[in-house]
Amino acid sequence: MEPLQRILALATERGLLTPLKGRVATLRSSLYANDATIFLNPLAADVRLVKAILERFGLASGLRINFGKSAAYPIRCGGIDVAAVLAPLGVPIAALPCKYMGLPLGTRQLRRVDWQALIDKIASRLATWKGKMMSTAGRLALLNAVLSSIPVYWPSVHRCCEDFEILHGDLQGLTDTMTFLKSLSELAGSEFKNSEVQSRERTAASVLFDWEREIYVARAPRWLDVMGGIADYSGSLVLQVSFGSDLSNRAPTFDMDLSDFMDGGKPISYEKARRFFCQDPSQKWSAYVAGTILILMTELGVQFADSMSILVSSAVPEGKGVSSSASVEVATMSAIAAAYVLLQPAEVKELVTIPNHMRFWGLDSGIRHRYEATYSKDIPEIITGDAFLEKYRDHNDTTFKALLTAANTDEQLAALGELMYQCHYSYNACGLGSDGTDRLVNLVQEMQHRKTREDGSPSLFGAKITGGGSGGSVCVIGKNCLESAEEIAEIQQRYKAATGYQPILFDGSSPGAGKFGHLKIRWRRPSSPIA
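Residues numbered from 1 in each chain as written. Predicted model: local features only at pLDDT ≥ 70, side-chain atom pairs only at ≥ 80, totals over all residues. Heavy atoms only, no water.

## Examining a nonpolar patch on the surface
Taken together, Ile383, Phe388 and Leu389 make up a surface patch of nonpolar side chains, about 240 Å² in accessible area. Take Ile383: its relative accessible area is 41%, and that puts it in the partly exposed class. (Patch = residues over 30% accessible without salt bridge, like charges linked within 9 Å, V, L, I, M, F, W, Y side chains within 5 Å. Areas by Shrake-Rupley, 256 points an atom, 1.4 Å probe, with all protein chains shown as cover. Salt bridge = Lys/Arg side-chain N within 4 Å of Asp/Glu carboxyl O. Buried < 20%, exposed > 50% of the residue type's maximum accessible area, 1.4 Å probe, protein only.)

Structure, rendered in structure tokens:
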């Protein structure tokens, strides 16, 4: 990125850009991996010129700035019509502090809430009882280790990402996507193939692709149902955490002829497909992947003349109510739709941003969610959206959404929490509850009432069962503060003491399938060394 630095410096030297004020402002931009920060004076002429430079730099280098994912942060711009000055950029105007390279960045001393994400990352590295045993010097050493690992991690992953030419899409700074590309790089490179120790999955995957052709990558993270909805099948902003699952009971590969999906020149029925995939229990999982092909053939009349190879990498735990099957289905469908230039069938509208002062967690009860045994006989095999609305009427309720954008008060959080409690009770009323999820919700209520009695200011405000019910996980709402994180940890310990099971914690958020879109990549074959 040195050429861009030089272009901006040259524009300043020639008087095209006004110099930055101050004795220490020597660099116009800071660039690292996929993050870029550019400093300029709040002048309309400077803004227009910088945008023109970025556009032309993108045309020349292929490194284009996505203005739709950028933001402007005014610094001491009192008395200036910032909106008018920044209008040529067409980016949203935000306020500091912001995040850069995963760390909070601001002009004033940061508050504890600004450092909360880093505090949580450090806390996750160490059990609570160990933290209490550490000295101040020990805690400082841990802090330095976490801080230093953040910039060290990115170059290692970024180097592997450079093995692929990105023809379409954007990594969006997502570490799981970068890690996946790193895995692809190992599969494509001779270094991995010569390794003596290979898992059966990687052995099969290393010969899966023709590395001379384009590869399409889609991503669909797990989601946690905060208040109803079917957002997982259309792409949404979700609560996500990286956690592995045991796949030892699955065959690593699945092969089939696309003609197996045809019967008399027409796609086979869904019932026949179900019997086909259930022949071998170790390959039953493949229905979530290959089944999307049959759906496209049946519902949209798509014809596939060529074969296709699909590599699935999933760390979504099964049976936890966090869309393990849906995430695989959505990612597969997104990749196929991109490769064959098919339209996305649906799109989630009016996404709501989670306010900074609140936070959501997912706690796994350890009970595998199963509702088929109770309701399978009453659920139709197929039902259209129109038929559902005609029978059950419109179930659109915007109360929760309206409260999310209300004033930042304890009353707001209490109202949101009460809606979640009522939603949980409705699950139980129709037979979709479980002892484990009820216990977790009751622990949240006990914690909330205890804090209210002690100082009148609770940190947790509500909880509900999520997913299909009858087990799985619960979603918890609370303040975005250290106290709430400590109370979540206490709930985990109390649940383990009562049941013997330590609940898995789901935390964090990332773009869903619809917002991520897809990547189109091509492997850069290393050039042969000259003798």
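## Quick look at the pattern of salt bridges
On inspection of all chains with the given rule, the structure shows 11 salt bridges. Residue Glu165 pairs with Arg522 through a salt bridge whose shortest N-O separation is 3.3 Å. A residue pair is termed long-range when its members are at least 10 positions apart, and Glu165 in strand 5 (residues 164-168) and Arg522 in strand 15 (residues 518-523) qualify at 357 residues. When its relative accessible area of 30% is taken as the criterion, Glu165 is described as partly exposed. Residue Glu271 pairs with Arg275 through a salt bridge whose shortest N-O separation is 3.8 Å. Pair noted here: Glu271 and Arg275 are both in helix 10 (residues 270-277), with a separation of 4 residues, about one helical turn. Residue Glu271 is classed as partly exposed on the basis of its relative accessible area of 39%. If you follow the salt bridges from partner to partner, you end up with Glu165, Glu214 and Arg522 in one network. (Helix = DSSP H or I, 4+ residues; strand = E, 2+ residues; numbered from the N terminus.)

## Examining the packing of aromatic side chains
Using the criterion set out here, one finds 5 aromatic pairs in the structure. Consider the rings of Trp211 and Trp523, whose centres lie 6.3 Å apart with planes at 65°: the pair is edge-to-face. Residue Trp211 is found in the loop between helix 9 (200-205) and strand 6 (215-218), and its partner Trp523 is found in strand 15; the two are separated by 312 residues along the sequence. Trp523 gets classed as buried once you look at its relative accessible area, which sits at 12%. In textbook terms, an aromatic cluster arises when at least three aromatic residues are bridged by ring pairs, as seen for Phe209, Trp211 and Trp523. (Phe/Tyr/Trp six-rings, centres within 6.5 Å; stacked < 30°, edge-to-face > 60°.)

## Quick look at the sheet that holds strand 15
Taken in spatial order, the 3 strands line up as 5-15-6 in an open sheet, and their pairing is antiparallel. A strand with exactly one partner marks an edge of an open sheet, and here the two such strands are strand 5 and strand 6. Sheet twist, expressed as the average angle between the axes of neighbouring strands with direction ignored, equals 35°. Seen against the sheet, helix 7 (residues 175-188) touches strand 5, strand 6 and strand 15 and runs at an angle of roughly 25° to strand 15. Running over the sheet, helix 12 (residues 324-339) touches strand 6 and strand 15 and is turned about 145° from strand 6. (Pairing = 2+ DSSP bridges. Axes fitted to C-alpha atoms, helices over the stretch in contact; angles between N-to-C directions. Contact = heavy atoms within 4.5 Å.)

## Some points on the pairing of strand 11 (residues 460-465)
Strand residues, when the strand is regular, have side chains that alternate between the two faces of the sheet. Most of strand 11 sits inside the fold, with 6 of its 6 residues counted as buried. With 5 bridges joining them, strand 11 and strand 12 (residues 473-479) adopt antiparallel strand pairing. Residue pairing across strands places Ala463 opposite Val476, the latter belonging to strand 12.

## Quick notes on the packing of helix 1 (residues 2-13) against helix 2 (residues 44-61)
In contact at an axis separation of 11 Å, helix 1 and helix 2 are set at 145° when each is read in the N-to-C sense. Note that helix 1 runs across helix 2; the crossing there is right-handed. Taken together, the residues of helix 2 that come into contact with helix 1 (itself represented by Pro3, Leu4, Ile7, Leu8 and Ala11) are Ile53, Leu54 and Phe57. (Left-handed = near helix turned anticlockwise from the far one by under 90°.)

## Here we look at the nonpolar core
Leu184, Trp211, Leu519 and Ile521 are the most contacted members of the largest nonpolar core, which totals 18 residues. For this core, the elements supplying multiple residues, two or more each, are helix 7, strand 6 and strand 15. Residue contributions to this core peak at 6 residues, all from helix 7. In terms of nonpolar packing, the next biggest core, distinct from the first, is built from 17 residues, Leu4, Ala11, Ile53 and Leu86 among them. (Core = buried A, V, L, I, M, F, W, Y, C linked by side-chain atoms within 4.5 Å.)

## Comments concerning the confidence of the model for the protein
Here the protein averages 75 in pLDDT, while 71% of its residues score no lower than 70. Overall, residues 191-197 carries pLDDT values under 50, and its contacts beyond four positions in sequence, including any with other chains, amount to 10 contacts. (pLDDT = per-residue confidence, 0-100.)

## A short note on the sheet that holds strand 13 (residues 505-506)
What the 4 strands build is an open sheet, ordered 11-12-10-13; its pairing is antiparallel. Edge strands, defined here as strands with exactly one partner in the open sheet, are strand 11 and strand 13. Of the strands in this sheet, strand 10 (358-364), strand 11 and strand 12 are in contact with helix 16 (residues 410-429), which crosses strand 11 at around 20°. The sheet strands contacting helix 18 (residues 482-499) are strand 10, strand 11, strand 12 and strand 13, and the helix crosses strand 10 at an angle near 10°.

## Brief notes about helix 12
The end-to-end C-alpha distance of helix 12 is 23 Å, a good match for the 22 Å that 16 residues give at a rise of 1.5 Å each. Among all positions of helix 12, only Ala326, Ser327, Val328, Glu329, Val330, Ala331, Thr332, Ala335, Ile336, Ala337 and Ala338 are buried. Against strand 6, helix 11 (287-299), helix 19 (513-516) and strand 15 lie the buried residues of helix 12. Trailing helix 12 by a residue or two, Val341 shows a phi angle of about 55°, which is positive. (Expected span 1.5 Å × (residues − 1).)

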